[in-house]
Amino acid sequence: MKKGYLVLQDGQVLEGERFGAETDCVGELVFTTGMCGYLETLTDPSYAGQIVVQTFPLIGNYGVIPADFEGEPHVRGYIVRACCDAPSNFRSDGTLDAFLKEKGIPGLCGVDTRRLTRTLRDRGVMNAMLCSAVPEDLSALAAYRVADAVAEVTCAAPKTYTADGEQRHRVALLDYGMKRNILRELQRRGCAVTVYPAQTAAEEILSARPDGVMLSNGPGDPAECAFQIAQIQKLLGAVPLFGICLGHQLTALAAGGSTYKLKFGHRGVNQPVKEVAGQRTYITSQNHGYAVAKGVPGGRVSFANANDGTCEGIDYPEMRAFTVQFHPEACAGPQDTSFLFDRFFALMEGGNL
């Protein structure tokens with residue numbers, strides 16, 4: 001393997017060995033704490049514009065399994081402690097190295113990811129460069145920002161998917177960077193789903209007379225999505241609505257709330273979330289760098305992060321809408337909160353929050 005370097009915005013340089021595509025990249029450096037699910041991480045469109053650090057030391061041990069992909073990969077780079085080049089799994093279709101080469105994603109292994117994670121926790125997420133030689137001019141690091149990320153990851157045209165078994169409802173799913181398992185969870189509950197590009201106007205969606213609207217996850221700063229926020233304002237109250245991750249943040253902004261950037265975000269399959277009005281604590285899968293500020297007009301907080309108290313869910317009873325920051329469809333990982341899809345189904349059946 002060839003030598004490679006990770007250059008951080010604060011001036012640190014970490015040496016490692018290159019794998020994956022032999023190209024350099026600049027991105028926002030973030031870490032994820034999942035002990036499994038590296039394929040879901042790599043194919044989650046919400047990581048668009050970012051270089052991902054895996055805190056679990058051994059990555060690639062069960063190979064590449066296309067059936068587990070959540071979408072097309074949009075990560076800019078991939079950092080691991082040890083990359084397994086001899087995977088062992090009956091479902092494996094190849095090595096992680098070959099997959100990253102195919103997708104044009106550069107990787108770096110042999111890095112002290114524990115030290116790197118501590119840096120990001122102490123100083124917050126920052127820009128970084130993955131390269132074969134440290135350049136003298138590092139101005140690209142300071143200048144980089146994740147921008148127009150939703151436009152990068154959304155689908156090109158509407159597409160309708162049939163329900164599994166008997167069709168009971170029709171759902172409009174706005175694709176801001178949709179994970180495929182959101183679609184699967186709706187289909188297995190008897191929903192025919194039409195997936196719409198993020199640039200779709202609310203009037204087009206409502207003219208199709210769906211029984212409910214689903215807002216997907218996605219990348220980037222939610223406050224930049226002015227068009228999408230304006231469309232959600234028109235959808236709220238017109239039809240039952242369920243939002244996940246970016247969909248949660250955009251709904252809060254549409255309702256008159258605000259969002260802010262977290263120091264290092266929540267990324268992993270082990271985030272504890274507490275019911276505000278109950279006794280349960282759920283272990284959830286999350287991937288986000290922004291949070292909703294509490295105090296959204298017309299909304300009541302339904303879930304809170306057990307670690308830092310940040311908002312993890314909001315109900316909008318008067319508008320027949322609810323949203324969550326975490327991923328109830330997560331696969332692989334915790335499935336404690338998949339009941340939220342049943343809650344959405346009940347809303348479409350005429351139920352109340």
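Residues numbered from 1 in each chain as written. Predicted model: local features only at pLDDT ≥ 70, side-chain atom pairs only at ≥ 80, totals over all residues. Heavy atoms only, no water.

Draft legend 1. Focus on the overall build of the protein chain. Secondary structure summary: the protein chain contains 10 helices and 19 strands in total. In terms of principal-axis extent, the alpha carbons of the protein chain reach across some 60 × 45 × 40 Å. Counting all 353 residues of the protein chain, 57% fall into the buried class. Long-range pairs, those at least 24 residues apart, make up 74% of the contacts in the protein chain with a sequence separation of at least 6. (Helix = DSSP H or I, 4+ residues; strand = E, 2+ residues; numbered from the N terminus. Buried < 20%, exposed > 50% of the residue type's maximum accessible area, 1.4 Å probe, protein only. Contact = heavy atoms within 4.5 Å.)

Draft legend 2. Layout of the sheet that holds strand β18 (residues 311–316). The mixed open sheet is built from 10 strands, whose spatial order is β10-β12-β11-β13-β14-β19-β18-β17-β15-β16. Looking along the sheet, the strands with just one partner apiece sit at the ends: β10 (159–161) and β16 (281–292). On average, each strand axis in the sheet is inclined to that of its neighbour by 25°, with strand direction left out of account. Of the strands in this sheet, β11 (169–175), β12 (191–197), β13 (212–215), β14 (241–244), β16, β17 (300–305), β18 and β19 (321–324) touch helix α10 (residues 339–348), which is tilted by about 165° from β19. (Pairing = 2+ DSSP bridges. Axes fitted to C-alpha atoms, helices over the stretch in contact; angles between N-to-C directions.)

Draft legend 3. Main features of the nonpolar core. Core analysis: the largest hydrophobic core is formed by 29 residues, its most contacted members being Tyr176 and Val213. Secondary-structure elements contributing two or more residues to this core are β11, α7 (202–207), β13, α8 (226–235), α9 (246–254) and β18. Ranked by size, the runner-up nonpolar core spans 25 residues in total, among them Val195, Phe326, Phe341 and Met348. (Core = buried A, V, L, I, M, F, W, Y, C linked by side-chain atoms within 4.5 Å.)

Draft legend 4. Focus on α9. In terms of burial, α9 is largely enclosed, as 9 of its 9 residues are buried. Regarding α9, the residues found buried are Leu246, Gly247, His248, Gln249, Leu250, Thr251, Ala252, Leu253 and Ala254. Directly beyond the C-terminal end of α9, a positive phi value near 105° is found at Gly256.

Draft legend 5. Region of the structure containing α10. Listed in full, the buried residues belonging to α10 are Leu340, Phe341, Phe344, Phe345, Leu347 and Met348. Along the long axis of α10, the arc covered by the buried residues comes to 155°, so they all point the same way. (Arc of directions from axis to C-beta.)

Draft legend 6. Structural detail: the packing of α8 against α9. Between α8 and α9, the least distance of the axes is 8 Å, while the angle of their chain directions is 70°. With respect to α9, the axis of α8 lies roughly perpendicular. Judged by residue contacts, Gln228, Ile229, Ile232 and Gln233 of α8 engage Leu250, Thr251, Leu253 and Ala254 from α9. In terms of residue class, the contact of α8 with α9 is made up of 5 nonpolar, 3 polar and no charged. (Parallel < 35°, antiparallel > 145°, perpendicular 65-115°, else oblique. Nonpolar A, V, L, I, M, F, W, Y, C, P; charged D, E, K, R; others polar.)

Draft legend 7. Structural view of the sheet that holds strand β3 (residues 25–32). Strands sit in the order β1-β2-β8-β6-β4-β3-β9 around a closed barrel of 7 strands; the barrel is mixed. This sheet shows a mean twist of 35° between the axes of neighbouring strands, independent of strand direction. Across 5 bridges, β3 lies against strand β9 (residues 126–131) in antiparallel orientation. Within β9, the residue paired with Gly27 across the bridge is Ala128. Packed on one face of the sheet, helix α2 (residues 96–103) meets β2 (13–20) and β6 (77–79) and runs near 90° to β2. On the sheet, helix α3 (residues 113–123) packs against β1 (3–8), β2, β3, β4 (50–54), β6 and β9 and is oriented at approximately 90° with respect to β3.

Draft legend 8. A look at the packing of aromatic side chains. In the structure shown here, the tally under the stated rule is 9 aromatic pairs. Ring geometry for Tyr282 against Phe339: centres 5.6 Å apart, planes inclined by 40°, an arrangement best described as tilted. On the criterion of sequence distance, the pair formed by Tyr282 in strand β16 and Phe339 in helix α10 is long-range, its members being 57 residues apart. A connected cluster of aromatic rings, assembled from ring pairs, spans Phe242, Phe322, Phe341 and Phe344. In this structure, Arg343 is placed above the aromatic ring of Phe322, and the distance from its NZ or CZ to the ring centre is 4.5 Å. (Phe/Tyr/Trp six-rings, centres within 6.5 Å; stacked < 30°, edge-to-face > 60°. Lys NZ or Arg CZ within 6 Å of the ring centre and 35° of its normal.)

Draft legend 9. Inspection of the pairing of β19 at higher detail. Side-chain alternation along β19 places Ala321 and Thr323 on one buried face and Phe322 and Val324 on a second face that is also buried. In the sheet, β14 pairs with β19 via 4 bridges, with the strands oriented parallel. Its bridge partner lying in β19, Phe242 is registered against Phe322. Bridge count for β18 against β19 is 4 bridges, and the pairing is antiparallel.

Draft legend 10. Region of interest: the state of the cysteines. Enumeration according to the criterion identifies 0 disulfides in this entry. Sulfur of Cys84: no disulfide; nearest cysteine sulfur belongs to Cys83 and is 7.2 Å away. When its relative accessible area of 17% is taken as the criterion, Cys84 is described as buried. Residue Cys155 stays outside any disulfide, its sulfur separated by 15 Å from that of Cys225, the closest cysteine. (Disulfide = S-S within 2.5 Å.)

Draft legend 11. Inspection of the pattern of salt bridges at higher detail. Taken as a whole and judged by the stated rule, the model has 17 salt bridges. When the shortest N-O distance is used, the salt bridge between Asp97 and Lys101 registers 2.8 Å. You can see Asp97 and its partner Lys101 sitting in helix α2, 4 residues apart, about one turn around the helix. Put simply, Asp342 and Arg189 hold a salt bridge, and the shortest N to O gap is 2.7 Å. Of this pair, Asp342 sits in helix α10 while Arg189 sits in the loop between α6 (180–187) and β12, placing them 153 residues apart in sequence. Residue classification places Asp342 among the partly exposed residues on the basis of a relative accessible area of 42%. Bridged by salt links that share partners, the residues Glu185, Arg188, Arg189 and Asp342 form one connected network. (Salt bridge = Lys/Arg side-chain N within 4 Å of Asp/Glu carboxyl O.)

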